[in-house]
Amino acid sequence: MPIEIKPVPEDGITELEPLLAAYQTFYEVEDINTERNRQFFSRFLGSSHSGWILGAYEDGRLVGFGCFYRHKSSLSATNVVLMNDLYVDESARGKGAGRAIIEGGVELARQWGTTRAAAAVSLWGVRAGQLTALRCCDLAGRHRLLEPAGLGLRLPGADRPAGRRAEGRGSL
């Protein structure tokens, strides 16, 4: 069955919690706190005020997520969507879930009325999963690696090419 991408519903925090903990373990977070995660990530569920969490579902089971923040750019005086988190469970890797989450986030950015999105990517402690995410973002042709700390994608309809940003993030 294909991977389905959709927003994690407001009551989906319990199903999301194990993936959040696995994501944080992957990045060697020492103090994983379920209640703190619940409070922080709940703001992205059931509403799009702060942003969205898109889930990757395989046979109805949540196997991955991407967290997209609503943000603003004072440089371009526009709305921006920032993909700050991307994680796919090992059981679902290699099936296109990461790429589908990213593409779903790009569509959310379009629906929000922005032509800019950004991805925050850490390469500290480079691991195979991070490199997979980078390669995933480079597959569509419109995606390109800008530098070790950022990814780039120009949304169709944007009025200028994506450029490097000083803080190491690229325009999506």
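Please read these numbers as outputs of a predicted model, since none were measured by experiment.

Asker: Got a sec to walk through helix H1 (residues 13–26)? Specific residues and values, please.
Answerer: Over its 14 residues, H1 extends 19 Å from the first C-alpha to the last, a length consistent with the 20 Å expected when each residue adds 1.5 Å. Among all positions in H1, only Ile13, Leu16, Glu17, Leu19, Leu20, Tyr23, Gln24 and Phe26 are buried. One or two steps after H1, the chain reaches Glu28, where phi turns positive at roughly 60°.

Asker: Outline helix H3 (residues 97–112), supporting the account with residue identities and numerical values.
Answerer: Look at H3: 22 Å from first C-alpha to last across 16 residues, which is about the 22 Å you get at 1.5 Å a residue. What H3 keeps buried is the set Ala97, Gly98, Ile101, Ile102, Gly104, Gly105, Val106, Leu108, Ala109 and Trp112. Once H3 finishes, Gly113 follows within two positions and takes phi at roughly 90°, a positive value.

Asker: Please set out the pattern of salt bridges residue by residue, giving values where relevant.
Answerer: Per the counting criterion, the structure on display carries 5 salt bridges. Here Glu17 ties to Arg38 by a salt bridge, and the two come within 2.7 Å at their closest N and O atoms. With a gap of 21 residues between them, Glu17 in helix H1 and Arg38 in helix H2 (residues 34–42) connect regions that are remote in the sequence. For Glu17, a relative accessible area of 15% gives the class buried. Taking relative accessible area as the criterion, Arg38 reaches 27% and is therefore assigned partly exposed. The residue Arg36 makes a salt bridge to Asp31 at a minimum N-O spacing of 3.4 Å. On the basis of relative accessible area, Arg36 is assigned to the partly exposed category, the value being 41%.

Asker: So what about the pairing of strand S4 (residues 78–88)? Which residues, and what values?
Answerer: The buried count for S4 comes to 8 of 11 residues, which makes it a mostly enclosed element. As defined by bridge partners, strand S3 (residues 61–73) adjoins S4 across 10 bridges and the pair is classed as antiparallel. Residue pairing for S4: Arg70 is matched across the bridge by Val81. Two successive antiparallel strands, S3 and S4, enclose a turn made up of 4 residues, where Ala77 displays a positive phi of approximately 50°.

Asker: Got a sec to walk through the environment of Met83? Specific residues and values, please.
Answerer: Note that Met83 resides in strand S4. Residue classification places Met83 among the buried positions, given a relative accessible area of 5%. For the pair Met83 and Ala118, spaced 35 residues apart in the sequence, the C-alpha separation amounts to 6.1 Å.

Asker: Account for the nonpolar core, with residues named and values stated.
Answerer: Within the largest apolar cluster, 20 residues are counted, with the highest numbers of intra-cluster contacts made by Leu16, Phe41, Ile53 and Phe65. Mapped onto this core, the elements with two or more residues apiece are H1, strand S2 (51–58), S3 and S4. The element contributing the most residues to this core is H1, with 6 residues. Trp52, Val81, Leu86 and Leu108 belong to the second-largest nonpolar core, a separate cluster that totals 16 residues.

Thresholds applied
Residues numbered from 1 in each chain as written. Predicted model: local features only at pLDDT ≥ 70, side-chain atom pairs only at ≥ 80, totals over all residues. Heavy atoms only, no water. Helix = DSSP H or I, 4+ residues; strand = E, 2+ residues; numbered from the N terminus. Expected span 1.5 Å × (residues − 1). Buried < 20%, exposed > 50% of the residue type's maximum accessible area, 1.4 Å probe, protein only. Salt bridge = Lys/Arg side-chain N within 4 Å of Asp/Glu carboxyl O. Pairing = 2+ DSSP bridges. Core = buried A, V, L, I, M, F, W, Y, C linked by side-chain atoms within 4.5 Å.

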